[in-house]
Amino acid sequence: MSTNSRVGDVILEVSNISLRFGGVKALTDISFDVREHEIRAIIGPNGAGKSSMLNCINGVYAPSEGTITFQGKTFSHMNSRQVAEMGVARTFQNLALFKGMSVLDNIMSGRNLKIKSNLLLQALRIGPAEREEIRHRQFVESIIDFLEIQAYRKTPVGQLPYGLQKRVDLGRALAMEPRILLLDEPMAGMNVEEKQDMCRFILDVNDEFGTTIVLIEHDMGVVMDISDRVVVLDYGKKIGDGTPQEVRNNEDVIRAYLGTGH
Ligand SMILES: Nc1ncnc2c1ncn2[C@@H]1O[C@H](COP(=O)(O)OP(=O)(O)O)[C@@H](O)[C@H]1O
Ligand SMILES: [Mg+2]
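Computed from a predicted structure; not experimentally measured.

Caption draft 1: Representation of unusual backbone geometry in the model. Not every positive phi belongs to a glycine, and asparagine 16 is a case in point at roughly 50 degrees. Mapped onto the secondary structure, asparagine 16 falls in strand E1 (residues 10-21). Residue asparagine 16 is classed as partly exposed on the basis of its relative accessible area, which comes to 41%. Notably, aspartate 29 is not glycine yet its phi reads approximately 50 degrees, a positive angle. In this structure, aspartate 29 sits in strand E2 (residues 24-35).

Caption draft 2: Region of the structure containing the environment of isoleucine 180. Within the fold, isoleucine 180 resides in strand E7 (residues 180-184). Separated by 141 residues in the primary sequence, isoleucine 180 and isoleucine 39 have C-alpha atoms spaced 9.9 Å apart. The residues touching isoleucine 180, leaving out its near neighbours within four places in the chain, are Ile11, Leu12, Phe70, Gly87, Val88, Ala89, Thr211, Thr212 and Val214.

Caption draft 3: A look at the packing of helix H6 (residues 162-174) against helix H7 (residues 192-208). Their axes nearest at 10 Å, the elements H6 and H7 cross at an angle of 15 degrees. One way to sum up the angle between H6 and H7 is to call them roughly parallel. Here H6 and H7 pass one another in a crossing that is right-handed. Only Glu194, Asp197, Met198, Phe201 and Val205 of H7 make contact with H6, whose side of the interface consists of Gly163, Lys166, Arg167, Leu170 and Leu174. Residues belonging to the contact of H6 with H7 are distributed by class as follows: five nonpolar, one polar and four charged.

Caption draft 4: Molecular detail of the nonpolar core. If you look at the biggest cluster of nonpolar residues, it comprises 36 residues, and the most contacted ones within it are Ile107, Leu181 and Ile202. Looking at this core, the elements with two or more residues in it are helix H3 (103-117), helix H5 (129-146), H6, E7, H7, strand E8 (212-216) and helix H8 (220-226). Summarising the domain contributions, this core has at least three residues from each of domain 1 (1-87 + 178-262) and domain 2 (96-176). Leaving out residues up to four positions away in the same chain, isoleucine 202 has contacts with Ile39, Leu183, Pro186, Met187, Ile213, Leu215 and Ile226. Listed in part, the 29 residues of the second largest apolar core include Val14, Leu27, Ile30 and Ile180.

Caption draft 5: Region of the structure containing the packing of aromatic side chains. Applying the stated criterion across every chain yields a total of four aromatic pairs. On the numbers, 6.4 Å between centres and 70 degrees between planes, the contact of phenylalanine 70 with phenylalanine 75 is edge-to-face. A relative accessible area of 13% places phenylalanine 75 in the buried class. Residues phenylalanine 146 and phenylalanine 209 carry aromatic rings whose centres are separated by 4.9 Å and whose planes lie at 40 degrees to one another, so their mutual orientation is tilted. Placement of phenylalanine 146 in helix H5 and of phenylalanine 209 in the loop between H7 and E8 is noted, with a sequence separation of 63 residues between them. Aromatic rings pair up to connect Phe146, Phe201 and Phe209 into one cluster. Taking NZ or CZ as reference, arginine 200 lies 4.8 Å from the ring centre of phenylalanine 201, over its face.

Conventions we followed
Residues numbered from 1 in each chain as written. Chains lettered and ligands numbered in written order. Predicted model: local features only at pLDDT ≥ 70, side-chain atom pairs only at ≥ 80, totals over all residues. Heavy atoms only, no water. Helix = DSSP H or I, 4+ residues; strand = E, 2+ residues; numbered from the N terminus. Buried < 20%, exposed > 50% of the residue type's maximum accessible area, 1.4 Å probe, protein only. Contact = heavy atoms within 4.5 Å. Axes fitted to C-alpha atoms, helices over the stretch in contact; angles between N-to-C directions. Parallel < 35°, antiparallel > 145°, perpendicular 65-115°, else oblique. Left-handed = near helix turned anticlockwise from the far one by under 90°. Nonpolar A, V, L, I, M, F, W, Y, C, P; charged D, E, K, R; others polar. Core = buried A, V, L, I, M, F, W, Y, C linked by side-chain atoms within 4.5 Å. Domains from an automatic or database assignment. Phe/Tyr/Trp six-rings, centres within 6.5 Å; stacked < 30°, edge-to-face > 60°. Lys NZ or Arg CZ within 6 Å of the ring centre and 35° of its normal.

Here's what the structure looks like:
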């Protein structure tokens, strides 16, 4: 378990969230909080509601009940602009990259989201646009260095191995300089070595940038290794919440999840 001594106050609070799709109750009365600088894992079997939970947090889905509080501001549902303004970025379970575009341009596209959310500010600050552009490019280059993908800057993303594509997706999210990073199965489909690399980058992002991380992950070893606290979902309900150790010893969790060989 990581001993994150920098964990601070609650930055994100999910309160009594329910979400329905027709007759399907994807989420039922889910509450949990996330502390600043924490690595907070969400685990649970397939269909448990993990991705739906992230989609409520970043405004893709509007919950049928409940609220989400970011840095003291409470919302019944978020829109994508508010999410960007709150400093929330995410990666997707199924990659959402532009396969024909270079690594550099894909990461720059994440930066553009941030730029757009600041359009008004930019309009008020009348100054040389080129200087802004240079600053953004430099930031994107620093992410490329950080993720050790300099050799692929100009390579179309579709030509990269899957593990590297996931790393580029992380870079695209980092380009928004998020305070909270939502990662939906960032290690799914990776081999052992790729997983180790991704774990290291997640820990480095958390450590070097102080970014708060909410992580959906299937690999229990990874969850036990890198998360501070874990929420466990099963059939849209929360059945466990605590340190990796506490969750591992929780009878309901063992029955629903750990025992099933996931
Ligand atoms: N857009 C959607 N429309 C209808 N049902 C959905 C939609 N998204 C998710 N669901 C359903 O909600 C439940 C939770 O799905 P999901 O959040 O993807 O689970 P997980 O990420 O834990 O595997 C599942 O029963 C799934 O079929
Ligand atoms: Mg999912």
